[in-house]
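Breakdown of the fold
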Amino acid sequence: MTSVLVLYMSRQGHTARIARHICQSIEAAGSRAAMMDVVEATHEGVDWDRHDVVALGAPVLYGTYDKSFLEFVAAHEADLSKKPNSFFNVSVVARTPEKATVAGNRYMQKFLELSPWKPKDLKVIAGKVDYPSWAWHERFMIRLIMKYTDGPTDPTTVIDYTDWDDVAAYGRHLLTLR
Ligand SMILES: Cc1cc2nc3c(=O)[nH]c(=O)nc-3n(C[C@H](O)[C@H](O)[C@H](O)COP(=O)(O)O)c2cc1C
């Protein structure tokens, strides 16, 4: 039975929800899935040999990725490359169809520039706008990004842009990676 490991970094829980949904769809397809936070993976280690496929995901924060996440990727380039693998990013700009593609999402290009690990498979996933839960300076910055990309700027906005059926399909897709 194929076993998929979904490693993720999540600042406020949305990427964790996405990782869980991926795992649920893999299990619904009759395979095994495990999810692990990269903070836990960094400190506790990963039993890479237990899994056949590995997916790694992170949210886009201020146009880039958390430093500890990039450090994890650099430290485990060889482990990640050893088996079928995939990278997914989560961003609110991916709410539009043109930025929801690998070629159209500049944060994906940025990851490929920053990462020594070159994933075999890539996926862009739209995240969540949650102004009330963000600190004022974060709200300010993201409202600015939204202003330039024609998104919501009302500071009370909470919108989940994730296409959950597509996330489930991505989970099943991971099982087809060779
Ligand atoms: C501090 C901060 C900075 C962000 N910067 C960007 C950004 O530059 N571009 C973007 O598309 N989304 C940006 N976002 C949106 C997040 O990628 C989105 O909310 C994602 O769902 C967060 O996932 P998490 O809950 O797993 O941390 C930012 C969010 C926060 C809180």
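Residues numbered from 1 in each chain as written. Predicted model: local features only at pLDDT ≥ 70, side-chain atom pairs only at ≥ 80, totals over all residues. Heavy atoms only, no water.

Remarks on the pattern of salt bridges
If you walk through the whole model with that rule in mind, you get five salt bridges. Salt-bridge contacts for lysine 67 lead to glutamate 71; the nearest nitrogen and oxygen are separated by 3.0 Å. Taken together, the residues span about one helical turn, with lysine 67 and glutamate 71 both in helix 3 (residues 67–75) at a distance of four residues. For glutamate 71, a relative accessible area of 45% corresponds to the partly exposed category. (Salt bridge = Lys/Arg side-chain N within 4 Å of Asp/Glu carboxyl O. Helix = DSSP H or I, 4+ residues; strand = E, 2+ residues; numbered from the N terminus. Buried < 20%, exposed > 50% of the residue type's maximum accessible area, 1.4 Å probe, protein only.)

Here's the deal with helix 3
Buried within helix 3 we find Phe69, Phe72 and Val73. With its buried residues spanning 100° around the axis, helix 3 presents them on a single face. Pointing more than 90 degrees away from the buried face of helix 3 are the exposed residues Lys67 and Ala75. The elements touched by buried residues of helix 3 are strand 1 (3–8), helix 2 (38–44), strand 3 (53–59), helix 4 (77–81), strand 4 (85–91) and helix 5 (106–114). (Arc of directions from axis to C-beta. Contact = heavy atoms within 4.5 Å.)

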